[in-house]
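Coordinates in review
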Protein chains: 2
Amino acid sequence: MPQFLSTTDPGFEAAFRAFLARKREVDEDVDAAVADIIADVRARGDRALIDLTARFDRVTLTSHTLRVPDAEIDALAARVPEAERKALTLAAERIRAYHDRQMPDDALWEDEAGVTLGWRWRPVAAAGLYVPGGTAAYPSSVLMNAIPAKVAGVGRLVVTVPAPGGVLNPLVMLACRIAGVDEIWRIGGAQAIAALAYGTESLAPVDVITGPGNAWVAAAKRRVFGHVGIDMIAGPSEILVIADRHNEPGWVALDLLSQAEHDPTAQAILLTDDPAFGRAVAATVELKLPGLPRRDIAAAAWRDFGAVIVTRSLGEAAQLADRIAPEHLELLVAEPEALAARISHAGAMFLGPWTPEAIGDYVAGPNHVLPTARTARFSSGLSVMPFLKRTTVTRLTPDAMARLGPAAEHLARAERLDAHGLSVRARLDALNLDAPA
Amino acid sequence: MPQFLSTTDPGFEAAFRAFLARKREVDEDVDAAVADIIADVRARGDRALIDLTARFDRVTLTSHTLRVPDAEIDALAARVPEAERKALTLAAERIRAYHDRQMPDDALWEDEAGVTLGWRWRPVAAAGLYVPGGTAAYPSSVLMNAIPAKVAGVGRLVVTVPAPGGVLNPLVMLACRIAGVDEIWRIGGAQAIAALAYGTESLAPVDVITGPGNAWVAAAKRRVFGHVGIDMIAGPSEILVIADRHNEPGWVALDLLSQAEHDPTAQAILLTDDPAFGRAVAATVELKLPGLPRRDIAAAAWRDFGAVIVTRSLGEAAQLADRIAPEHLELLVAEPEALAARISHAGAMFLGPWTPEAIGDYVAGPNHVLPTARTARFSSGLSVMPFLKRTTVTRLTPDAMARLGPAAEHLARAERLDAHGLSVRARLDALNLDAPA
């Protein structure tokens, strides 16, 4: 059974704080091993990739088979049944349309001092996308990472995906094709991240690395952060549902379970202003659990990290939601827009009973790579932005220099950076403007 | 003497690669000590801050004097002479005007499938700005960090600044006042970063931490990254000047020196298509060095990391600039806009001879916190964005569910996430839509 709390309980604040502070991630101490793997790939390049892949994925590769040839990709992709192909194509179109709208504009203007100012956005030259292998190889994640990169204009998009036992997932290959991935390499783990960040003889390095992965991949992403850009280190998935009594308990129970089934450390929380409704949803979860293929995972997540919290009002639920700062937030209330306006911190919001979060995982269009573990307080889901960077632009005329130069000279002096001041002074002298007293 | 290279040298490519790969940062191994400090502040709160400040800054504080009272801030700020006050005010106005234009728009639309989609931007609730103490306490940096936070709408902006020997810089206090900083705490080092990230009894935690600092501060920012947002870990400053022969060598020499004087590991590079002009600039640098108060720093930087590279053409210079991906790029050529269009990777561009980089450090308006060490390949200068986060919004009507639900159900099945599929199926059943075969 999950935790049951009510904001009218005398000990609620302490219990809620303890609930918020609860650690869901297991610290696997792989950092030293990951450092060794990165050093090995930097030192021995392809040879290290081949050795590490033989050890971890039980696949024997050569410099020529590290990369998956186009013909192999196409042959695998061709095996995907028509219904899945159509669904994936629809998803890709919708994701592309949504992310197209995120593209920021360049700007250039002249201000009242005669200074031309602005900025320009340019894509990174190359991006790498880590795709987990085995059962966690989700084609939807390929689309969610690859399409924003391509919309941003990234010229070279590289996928690494481990092929344990030599097996590649046809749906993942098709998703790469649909999204416009340029290269696919059958490598995984920290060695793949190292190869993407530093390059090898055959794999040219990239500038940004995104995509989910296990503890080894996360530790490697942390280590290469700064040398290349990374998106985020995502934690276990979460859903917060705020629902009033007018909902179908079965729908809410399934929405909670759709996150719980991801991982034993996933978190599903219901906030409701009606205790009877809260009990009905919890009872329905128990009823539906045995029928799920992933029942053991979902039951563990629901038992260990799930919660039903009864609030005095929906407004109070909104306040708690901001303290939770959930990855996914469903607002199953009569006026979801009004409630949404009262909540600042959430990765993605799903409004009304006809918008289960699973729609957002696949076909709605917004990205499903979202901030977890309360990081929605300060960070955003994946978008075109990590694949773009801004260059600011400034141009002064002699007249603008005459107007702004003296202030710059004063501040340079105050900061005791004389060459800064002199570089301005040289221009002011040419304009016959006196130095300040 | 700095390095002299010419692209026509037979060994140029190897020499240029070695130059690019050269490490300028010293790895100070403070990580273990920083981990201890963070643990101490988390465990002992104010008491740890008081003890560590006594040890590192030789100042005895109490829980009541950790924070600088408003009266003390105002008294210090009042000491700033009128000319500096005016210059700082002008700088603040221009920085505010520039960053105002960066504010991203919210969006909400209904697409052809009847899905309401969009996103909302909200500021983080609280931000912390680290300001170094002593001579490195630059009021311009306070403006460059604090103003974007306030433009973004951050409600609570906290400055930490060490006061070695008890001394606070009046210009820094004035800059805080002008920028609208809400709290100032006289703490520094890793202990200040820990207090900002985790809070103490008297200092409430923040969501995002920005600002420059020494190796201890950088290591602490790395360690709290993920628990809070951070802007970047900045390295030593850099300037790349592309100049043709029609420039005044003295101006170019001073522009190069204005970066070299920052730090012995700063980097100043000149690319020119005219070898005689390159020699003239280098000679002028030597001539001007002895007159600078910071001559030892500037001379070391110029000698150890400076370079003059002669290219066959300005186009070739643009190609090299992209490989360098400089923090600051001056284009001192007849048609700087045309050359700028050929360069993708730079933190900030300064166009034409009347735009020395020092103008951008103080009063131009764009941010002077910029990506160093080739990270302009994938990252941008400071802006309002690190102080904002995006929440995506989705709302389906029953009709939109009927149109999108089946594809989501297919993909959930393909990924073997049954509860995902069932949460969609529950809605489709209510619409009397059959399950797929």
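Quick caveat: nothing in here was measured; it's all calculated off a predicted structure.

1. Some points on helix α17 (residues 418–430) of chain A
- For α17 of chain A, built from 13 residues, the straight-helix expectation of 18 Å at 1.5 Å per residue is met to within 8% by its first-to-last C-alpha distance of 18 Å.
- Buried within α17 of chain A are the following residues: Ala419, His420, Gly421, Ser423, Val424, Arg425, Ala426, Arg427 and Leu428 of chain A.
- Where α17 of chain A is buried, its residues meet α16 (398–414) of chain A together with α10 (249–260) and α15 (357–362) of chain B.
- Positive phi shows up at Asn432 of chain A, right after α17 of chain A, with a value of about 60°.

2. Notes on helix α1 (residues 12–21) of chain B
Residues and elements named next belong to chain B.
- Listing the buried residues of α1 in full gives Phe12, Phe16 and Phe19. Viewed along the axis of α1, the buried residues span an arc of 60°, placing them on a single side of the element. Exposed side of α1, more than 90 degrees from the buried face: Ala14, Arg17 and Ala21 are the residues found there.
- Looking at the packing, one finds that the buried side of α1 touches β1 (3–6), β10 (267–272), α12 (295–305), β11 (307–310) and α13 (314–324).

3. Notes on the packing of α10 of chain B against α12 of chain B
Residues and elements named next belong to chain B.
- Viewed as axis vectors pointing N to C, α10 and α12 meet at an angle of 105°, and their least axial separation amounts to 8 Å. Here α12 runs roughly perpendicular to α10, going by the angle between their axes. Along its contact with α10, which presents Leu256, Leu257 and Ala260, the element α12 presents Ile297, Ala298, Ala301 and Trp302.
- Taken together, the residues of the contact of α10 with α12 sort by class into seven nonpolar, no polar and no charged.

4. Points about the domain arrangement of chain A
- In terms of domains, chain A is made up of domain 1 (3–24 + 235–364), domain 2 (31–106 + 123–230) and domain 3 (396–430).
- The C-alpha-based centres of domain 2 of chain A and domain 3 of chain A are spaced at 49 Å.

5. With respect to unusual backbone geometry
Residue and element names in this part refer to chain B.
- Within the chain, Arg58 stands out as a residue other than glycine whose phi angle is a positive 55°.
- Relative to the helices and strands, Arg58 is located in the loop between α3 (46–57) and α4 (70–77).
- Positioned with a positive phi, Ala325 is a non-glycine residue whose angle comes to about 50°.
- Judged by relative accessible area, which is 0%, Ala325 ranks as buried.

6. So, the packing of aromatic side chains
- Applying the stated criterion across every chain yields a total of 13 aromatic pairs over all chains.
- Seen in terms of ring centroids, Tyr98 of chain A and Trp109 of chain B are 5.5 Å apart; in terms of plane orientation they differ by 35°. Their pairing is tilted. Residue Tyr98 of chain A is found in helix α5 (residues 82–100), and its partner Trp109 of chain B is found in strand β2 (residues 107–110); the two belong to separate chains. The residues Tyr98 of chain A and Trp109 of chain B share a single accessibility class, namely buried.
- Seen in terms of ring centroids, Tyr98 of chain A and Trp119 of chain B are 5.7 Å apart; in terms of plane orientation they differ by 80°. Their pairing is edge-to-face. With Tyr98 of chain A in helix α5 and Trp119 of chain B in strand β3 (residues 116–123), the pair connects residues from two separate chains.

What counts and how
- Residues numbered from 1 in each chain as written.
- Chains lettered and ligands numbered in written order.
- Predicted model: local features only at pLDDT ≥ 70, side-chain atom pairs only at ≥ 80, totals over all residues.
- Heavy atoms only, no water.
- Helix = DSSP H or I, 4+ residues; strand = E, 2+ residues; numbered from the N terminus.
- Expected span 1.5 Å × (residues − 1).
- Buried < 20%, exposed > 50% of the residue type's maximum accessible area, 1.4 Å probe, protein only.
- Contact = heavy atoms within 4.5 Å.
- Arc of directions from axis to C-beta.
- Axes fitted to C-alpha atoms, helices over the stretch in contact; angles between N-to-C directions.
- Parallel < 35°, antiparallel > 145°, perpendicular 65-115°, else oblique.
- Nonpolar A, V, L, I, M, F, W, Y, C, P; charged D, E, K, R; others polar.
- Domains from an automatic or database assignment.
- Phe/Tyr/Trp six-rings, centres within 6.5 Å; stacked < 30°, edge-to-face > 60°.

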